[in-house]
Each structure stands twice: as C-alpha cells, then as structure tokens.
Amino acid sequence: MSRATVLLLAVVCGAAVANIYYAQPLLPVLSRALGVSQGAGSLVVTVSQVGYALALALLVPLGDVLERHRLVTVLLGLSTIALLGAAASPSLGLLLAAMAVVGATSAVAQIVVPMAASLAPGHQRGSVVGGPLLR
C-alpha cells in the first residue's frame, strides 16, 4: 500500500472523528447566534456524541457484512451533507438533527481501519493500522 493511500486513510479517520468535537469551542458563539442558552447550545456536542455511540453499535457492524468501500463512501457523503446542513442551520433543532447525523457518520473511522488492514499486504498490515504512518 502506498504512503499516499495510508496518509489519505489516516486523514479520513482523523477528520471524521474530529467532526464530533469541532463545535465544542464554538458553543458560546453558536448559542448567541441561535438565541439559546449556553446549556441548550451545549446539546450540540452531546447529540453528536450520542449519534456516534449509536453508530458504533448499529453501523460499524455493517462493515463486516457489507462492502466496506461502498459503506465508507456512503457515510462520507452523508457526513458532507450533514456538515453542510449544520453550517446552514437557522435553528437549534435543525442544528441538533444535523449534528446527530454528523456524529453517526463519524463512526466511519471505525470502518476505515479494518478496511485499511484488509487492503494492506501482510508485511505492511501492522504499520498501516497502528505503526508509524510513513516509514
């Protein structure tokens, strides 16, 4: 497996999981912009975490029965749509719905790792999945 492919898969994993946390430092700004209390605004992060937890239980196992490449593609596409929806959300309710989907699709990282392991030749598998990124 090429270094570029390993790097791409690592970036996909990192960016997918980071999507859950990007809103956290922006909560005061989001709350003010949406005209809600900071407590209500903090639901943005909570909802994304709940979506992620549900996806770990319900979506990640699909990686064992469905074609991983297609599943990753669909989840990344849905993540893109959800992130665009979150960016354009005019209300807290719509933002929470978008962030629930963002959280759920962030579980794609847990599908990419075994996909990378299956794509890597035996002698590279350990370094692709858990070793030095670019040897």
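Residues numbered from 1 in each chain as written. Predicted model: local features only at pLDDT ≥ 70, side-chain atom pairs only at ≥ 80, totals over all residues. Heavy atoms only, no water.

Q: I tried to follow the overall build of the chain on my own but got confused; where do I start?
A: Looking only at helices and strands, one finds 8 helices and 0 strands in the chain. Helices (α) and strands (β) of the chain occur, in sequence order from the N terminus, as α-α-α-α-α-α-α-α. Based on the C-alpha atoms only, the size of the chain along its principal axes is roughly 55 × 30 × 20 Å. Among the 135 residues that make up the chain, the fraction classed as buried is 36%. (Helix = DSSP H or I, 4+ residues; strand = E, 2+ residues; numbered from the N terminus. Buried < 20%, exposed > 50% of the residue type's maximum accessible area, 1.4 Å probe, protein only.)

Q: Which parts of the structure should I look at to understand the nonpolar core?
A: Side chains of a nonpolar character, in soluble globular proteins, are inclined to be buried together. Judged by nonpolar contacts, the single largest core of 22 residues is most densely connected at Val-72, Val-108, Ile-111 and Val-112. At the level of elements, α1 (3-18), α4 (43-58), α5 (68-88) and α7 (109-119) are the ones that each hand at least two residues to this core. Contact partners of Ile-111, with chain neighbours within four places excluded, come to Leu-59, Val-60, Arg-68, Leu-71, Val-72 and Leu-75. Residues Leu-34, Val-45, Ala-86 and Leu-95 belong to the second largest nonpolar core, which totals 13 residues. (Core = buried A, V, L, I, M, F, W, Y, C linked by side-chain atoms within 4.5 Å. Contact = heavy atoms within 4.5 Å.)

Q: When you look at the side chain of Ser-106 in this model, what are you seeing that I'm missing?
A: Structurally, Ser-106 can be placed in the loop between α6 (92-105) and α7. What makes Ser-106 buried here is its relative accessible area of 1%. Other than its neighbours up to four places away in sequence, Ser-106 contacts Ala-16, Val-17, Asn-19, Ile-20 and Tyr-52.

Q: Please explain the pattern of salt bridges as it appears in this structure.
A: Between side chains of opposite charge, a pair can form as their charged atoms come close. By the definition in use, this model includes 2 salt bridges. Residue Arg-68 pairs with Asp-64 through a salt bridge whose shortest N-O separation is 3.5 Å. Residue class for Arg-68 comes out partly exposed when judged on its relative accessible area of 23%. Put simply, Glu-67 and Arg-70 hold a salt bridge, and the shortest N to O gap is 3.7 Å. (Salt bridge = Lys/Arg side-chain N within 4 Å of Asp/Glu carboxyl O.)

Q: How do you make sense of the packing of α1 against α7 when you look at a structure like this?
A: The description of two packed helices rests on the angle between their axes and on the distance between the axes. The contact between α1 and α7 brings their axes to 9 Å, and the two run at 165°. By the criterion of interaxial angle, the relationship of α1 to α7 is roughly antiparallel. In terms of crossing hand, the pair formed by α1 and α7 is left-handed. Listed contacts from α7 to Leu-9, Val-12, Cys-13 and Val-17 of α1 are Ala-109, Val-112, Val-113, Met-115 and Ala-116. Residues of the contact of α1 with α7, tallied by class, amount to 9 nonpolar, no polar and no charged. (Axes fitted to C-alpha atoms, helices over the stretch in contact; angles between N-to-C directions. Parallel < 35°, antiparallel > 145°, perpendicular 65-115°, else oblique. Left-handed = near helix turned anticlockwise from the far one by under 90°. Nonpolar A, V, L, I, M, F, W, Y, C, P; charged D, E, K, R; others polar.)

Q: For this particular structure, what's the right way to read the environment of Ser-31?
A: Looking at the element boundaries, Ser-31 is found in helix α2 (residues 27-34). Judged by relative accessible area, which is 2%, Ser-31 ranks as buried. Residues Ser-31 and Ser-42 lie 11 residues apart in sequence; the distance between their C-alpha atoms is 8.0 Å.

Geometric descriptors of this kind do not, in isolation, establish any biological role.
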